[in-house]
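# Observations on chain architecture
One-letter residues, chain by chain:
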Amino acid sequence: MPSLLGVLAHPDDESLLAGGVLAQHAAAHARTAVVTMTWAPDSPRAPELADALRALGAGAPRMLGYGDARNPQAAPGRPRLVDAPLDEVVAALVQQIRSFRPDIVVTHDALGQLTGHPDHRRTHQAALLAVQDAGLAHLHPEAGEPWQPRAVYCATHPESGVGELGPLLERVGKSILAVPDSYVTTSVDVTRWADMKWRAILAHRGEVARERSLPGILARLPEADRNRIIQTEHFTRLTPGPAKGDPVQLTH
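Residue positions are counted from 1 within each chain, in the order its sequence is given. Totals for whole chains, interfaces and linings use all residues, but because this is a predicted model, local features are given only for residues with pLDDT of at least 70 and pairs of side-chain atoms are given and counted only at 80 or more. Where side-chain values are given, they derive from all heavy atoms of the structure, hydrogens and water being excluded.

### Here's the deal with the side chain of threonine 156
Along the polypeptide, threonine 156 turns up in strand 5 (residues 151-156). Threonine 156 has contacts with Asp109, Gln113, Val179, Val184, His234, Phe235 and Thr236, leaving out every residue within four places of it along the chain. Helical segments are the DSSP runs of H or I of at least four residues, strand segments are the runs of E of at least two, and each set is numbered from the N terminus. For this analysis, residues touch if any pair of their heavy atoms sits within 4.5 Å.

### Focus on the sheet that holds strand 1 (residues 4-8)
Taken in spatial order, the seven strands line up as 3-2-1-4-5-7-6 in an open sheet, and their pairing is mixed. Strands with a single pairing partner mark the edges of an open sheet, and in this sheet they are strand 3 (62-66) and strand 6 (186-189). The average angle at which neighbouring strand axes cross in this sheet is 25°, direction not considered. This element, helix 3 (residues 86-100), spans strand 1, strand 2 (32-38) and strand 3 of the sheet and lies at about 175° to strand 3. By the convention used here, strands pair only if DSSP detects at least 2 bridges between them. In this analysis, axes come from line fits to C-alpha atoms, helices being fitted only over the stretch in contact, and the angle between any two N-to-C directions falls in the range 0 to 180 degrees.

### Focus on helix 4 (residues 118-134)
Multiplying one less than the number of residues by 1.5 Å gives the expected span of a helix. If you check helix 4, its first and last C-alpha atoms are 24 Å apart, about what 17 residues at 1.5 Å a residue would give, namely 24 Å. Exposure categories follow from relative accessible area, calculated using a 1.4 Å probe and restricted to protein chains: below 20% of the type maximum is buried, above 50% is exposed, and the middle band is partly exposed. Every buried residue belonging to helix 4 is among Asp119, His120, Arg122, Thr123, His124, Ala126, Ala127, Ala130, Val131, Asp133 and Ala134, and all of these are buried. In this structure, the buried side of helix 4 is in contact with strand 1, helix 1 (13-27), strand 2, helix 3, strand 4 (104-108) and strand 5.

### Remarks on the pattern of salt bridges
Where charged atoms from two side chains of opposite charge approach closely, those side chains can pair. Here, a salt bridge means any Lys or Arg side-chain nitrogen found within 4 Å of an Asp or Glu carboxyl oxygen. Inspection of the entire model under this criterion finds nine salt bridges. Between aspartate 83 and arginine 80 there is a salt bridge, with the nearest N and O atoms lying 2.8 Å from each other. One salt bridge connects glutamate 164 with arginine 228, and the closest N-O pair in it is separated by 3.0 Å. Placement of glutamate 164 in the loop between strand 5 and helix 5 (165-171) and of arginine 228 in helix 9 (residues 223-230) is noted, with a sequence separation of 64 residues between them.

### A short note on the environment of alanine 69
Among the structural elements, alanine 69 can be located in the loop between strand 3 and helix 3. According to the relative accessible area criterion, alanine 69 is buried, its value standing at 17%. Separated by 10 residues in sequence, alanine 69 and proline 79 place their C-alpha atoms 9.4 Å apart. In contact with alanine 69, other than residues within four places in its own chain, are Arg80, Val82, His117, Pro118 and Asp119.

### Looking at the nonpolar core
Here, nonpolar core means buried Ala, Val, Leu, Ile, Met, Phe, Trp, Tyr and Cys residues that are tied together by side-chain atoms lying within 4.5 Å of each other. If you look at the biggest cluster of nonpolar residues, it comprises 29 residues, and the most contacted ones within it are Val21, Leu22, Val34, Leu56, Val106, Tyr153 and Phe235. Only strand 1, helix 1, helix 2 (45-56), strand 4, strand 5 and helix 6 (194-203) provide two or more residues apiece to this core. Of the residues forming this core, the biggest block, six residues, is contributed by helix 2. Leu64, Val90, Val131 and Ala134 belong to the second largest nonpolar core, which has 24 residues in total.

### Quick word on the packing of aromatic side chains
Any aromatic ring pair is given by two values, namely how distant the centres are and how the planes are angled relative to each other. Stacked, edge-to-face and tilted are the three classes for Phe, Tyr and Trp ring pairs, Trp counted by its six-membered ring, which pair at centre distances within 6.5 Å; planes under 30 degrees apart are stacked, over 60 edge-to-face, the rest tilted. Counted under the stated rule, the structure contains one aromatic pair. With a centroid separation of 6.3 Å and an interplanar angle of 85°, the aromatic rings of tyrosine 153 and phenylalanine 235 are classed as edge-to-face. Placement of tyrosine 153 in strand 5 and of phenylalanine 235 in strand 7 (residues 232-238) is noted, with a sequence separation of 82 residues between them. The buried category is assigned to phenylalanine 235, whose relative accessible area is 0%. The criterion for a charge sitting over a ring is simple: Lys NZ or Arg CZ within 6 Å of the ring centre, and within 35 degrees of the ring normal. Lying over the aromatic face of tryptophan 39, arginine 45 brings its terminal NZ or CZ to 5.1 Å of the ring centre. Directly above the ring of tyrosine 66 sits arginine 78, whose terminal nitrogen or CZ lies 4.9 Å from the centroid.

### Some thoughts on the pairing of strand 3
Across the five residues of strand 3, four count as buried, placing the element largely inside the fold. Judged from the three bridges that link them, strand 2 and strand 3 form a sheet pairing that is parallel. Residue threonine 38 lies in a different strand from strand 3, and its bridge partner there is tyrosine 66. Seen with the strands pointing away from the viewer, any crossover whose path from the first strand over the helix to the second strand runs clockwise is right-handed. Taken together, strand 2, helix 2 and strand 3 constitute a β-α-β crossover, and its handedness is right-handed.

### Let's talk about the environment of leucine 86
Along the chain, leucine 86 turns up in helix 3. Sequence separation between leucine 86 and alanine 126 is 40 residues, and the spatial gap between their C-alpha atoms is 6.9 Å. Leave out the neighbours within four places in its chain, and leucine 86 touches Arg122, Ala126 and Leu129.

Next up, the structure:
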């Protein structure tokens, strides 16, 4: 199994969007880790994130500490991710990539997932640039020895796969942004790891308590309905840098 580095915007994104794949790879003794772009390491969501990553076998939190575009309590005194200079954000991610040296980086899609959150879109942009820069020694030399991940997998939702999730989000006033089915290159059945994924989602206790958040919505569903929603994860594979040999596969 290839090593995975998740680059996600908020605490809970790692569990909702790629929790099954992270658990799957960790169970196969692959190295896994997650970089979280927003919320400070001393914020209330940091210990919840630590519990979620422990459930997934994904190591300790790696929090960059930028502010959340929609929550001023995320990182008081720090710039919001959407306001921070892009070069600065990319350099911070290059350091994380070169430090962890992953085979695969998992991040958000260009739409910012179903709801189009601006932090998701900014994370997508910064992650793609950082993956390209990380392999070039003349860029960000202060960030360590160059390392080129073999692929980027963007977590996404195909139009045909929105299913029960669409009405649930619409009911709380959220938008539904899905990609054409042709954009999905990899769909992973994570049923075997769904219990671990669900424990990780539940670790984000503050979000579970909220009515409009996805963890809260899922927590109030019947178990069978919830399992249908969380047991498949969809991705679009992008190959950065010069192509060498066969494209890496997220699963075997």
